[in-house]
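# Residue-level structure breakdown
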Amino acid sequence: LNLPICVTVSAVVTRLNCELNNVEPPVCVTDDMIGSDPAGFDLILLGDMFYDEALANRLYRWLDRCIETHGTKVLIGDPGRALFEGHDIRKLLHHVAQYELPESVREENYGLISSHVWCYQS
């Protein structure tokens, strides 16, 4: 698990996207914060983080604490991986959007054809 690199890449992409759309970029944290005391984040964005059971369980508990402590809104993007679909968090999500994956991504991801965005509030 190389979480800092994943988070760093997503932080760079988020900043570039904000620049392209002429909006103020959010604070992007590149440290592994899962399990830490919840900070007062208004919004947490996650992408494809439910691929490992131990990570998914730690993340689930931490997100609950963030929501309970600060009322944080959580948006989760996932292409429908089996662990995500079978995880307890799935029962607490509301579907927000669906996006078709490009053909090259479909081939690399065992036939997954779309990705979904879910809103989580415990």
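Just so it is clear, the model here is predicted, and its values are computed rather than measured. (Residues numbered from 1 in each chain as written. Predicted model: local features only at pLDDT ≥ 70, side-chain atom pairs only at ≥ 80, totals over all residues. Heavy atoms only, no water.)

Attention shifts here to the sheet that holds strand β3 (residues 93-100). Across a sheet, paired strands are connected by hydrogen bonds in the backbone, their directions being either parallel or antiparallel. Reading across the sheet, the four strands line up as β1-β2-β4-β3 and stay open at both edges, with mixed pairing between neighbours. Taken across any chain shown, the strands that pair with only one partner, and hence form the sheet edges, are β1 (43-47) and β3. Across this sheet, the average inter-strand angle for adjacent strands is 15°, counted without regard to direction. Relative to strand β4 (residues 114-120), β3 runs antiparallel, the two being bridged by seven bridges. Paired with H94 across the strands is C119, a residue of β4. Sheet strands touched by helix α2 (residues 53-70): β1, β2 (73-78) and β4. Its angle to β1, the strand with the most contacts, is close to 160°. (Pairing = 2+ DSSP bridges. Helix = DSSP H or I, 4+ residues; strand = E, 2+ residues; numbered from the N terminus. Axes fitted to C-alpha atoms, helices over the stretch in contact; angles between N-to-C directions. Contact = heavy atoms within 4.5 Å.)

Geometric values such as these leave the question of function open.
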